[in-house]
Amino acid sequence: KADLNENWEAAADKVRAAALGVDVYAVSSKTGLGLDSVKQYLLPGKTIVFLGSSGVGKSSLLNALAGQEMMDTGAIREDDSRGRTGSLSAFPAEP
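Just so you know, these numbers come straight off a predicted model, no measurement behind them. (Residues numbered from 1 in each chain as written. Predicted model: local features only at pLDDT ≥ 70, side-chain atom pairs only at ≥ 80, totals over all residues. Heavy atoms only, no water.)

Colleague: Account for the confidence of the model for the protein, naming residues and giving values.
Modeller: In this model, the protein carries an average pLDDT of 82, and 77% of its residues clear a pLDDT of 70 or more. Looking across the protein, the model is least confident in helix α3 (residues 58–66), with a mean pLDDT of 89, and most confident in helix α1 (residues 8–18), with 95. (pLDDT = per-residue confidence, 0-100. Helix = DSSP H or I, 4+ residues; strand = E, 2+ residues; numbered from the N terminus.)

Set out below in C-alpha cells:
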C-alpha cells in the first residue's frame, strides 16, 4: 500500500536491506504504482504466492493485477483495523 506512505521509497529500501537477495517492490493497487514490476512474475504454468496479514490488501492487489474483480475484498473491522475474512484462491495466469 505504497499510496498510504509518503516515504514508500525509503520503506522499500529498508526492507531490501533486511532481505538481501529478495526482490522487493513497493506497490499500490489503488494508484497502479509497481504493478508492472509484479506482473513480470505472472507466467503461464508458474505459481506465485501472496502472503500477508489480514487486511493488508492481498485480494485488492490480485484484482488490480487481473484488471478485474477476481477476489472479494472485505471491509476492515473498525475495532482492530483487520480484515473480516480470509481468502484463498487460485486463478490461471493469462498466456
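Having put the structure on the table, let's press on.
Colleague: Outline the pattern of salt bridges, supporting the account with residue identities and numerical values.
Modeller: As enumerated under the stated definition, the model contains one salt bridge in all. Residue Arg16 is joined to Asp13 by a salt bridge in which the shortest nitrogen-to-oxygen separation is 2.9 Å. With Arg16 and Asp13 both in helix α1 and three residues apart, this pair spans about one turn of that helix. Given a relative accessible area of 46%, Asp13 falls into the partly exposed group. (Salt bridge = Lys/Arg side-chain N within 4 Å of Asp/Glu carboxyl O. Buried < 20%, exposed > 50% of the residue type's maximum accessible area, 1.4 Å probe, protein only.)

Colleague: Quick rundown of α3? Include the residues and the values.
Modeller: Burial in α3 covers these residues: Ser59, Leu61, Leu62, Asn63 and Leu65. Buried residues along α3 sit against α2 (35–39). Once α3 ends, the next one or two residues include Gly67, with phi positive near 75°. (Contact = heavy atoms within 4.5 Å.)

Colleague: So what's going on with the packing of aromatic side chains? Which residues, and what values?
Modeller: One pass over the structure, following the stated rule, counts one aromatic pair. Summarising the aromatic geometry, the rings of Tyr25 and Tyr41 are spaced 6.1 Å apart at their centres and angled 55° between planes, so their arrangement reads as tilted. With Tyr25 in the loop between α1 and α2 and Tyr41 in the loop between α2 and α3, this pair connects stretches of sequence that are 16 residues apart. The partly exposed category is assigned to Tyr25, whose relative accessible area is 32%. (Phe/Tyr/Trp six-rings, centres within 6.5 Å; stacked < 30°, edge-to-face > 60°.)

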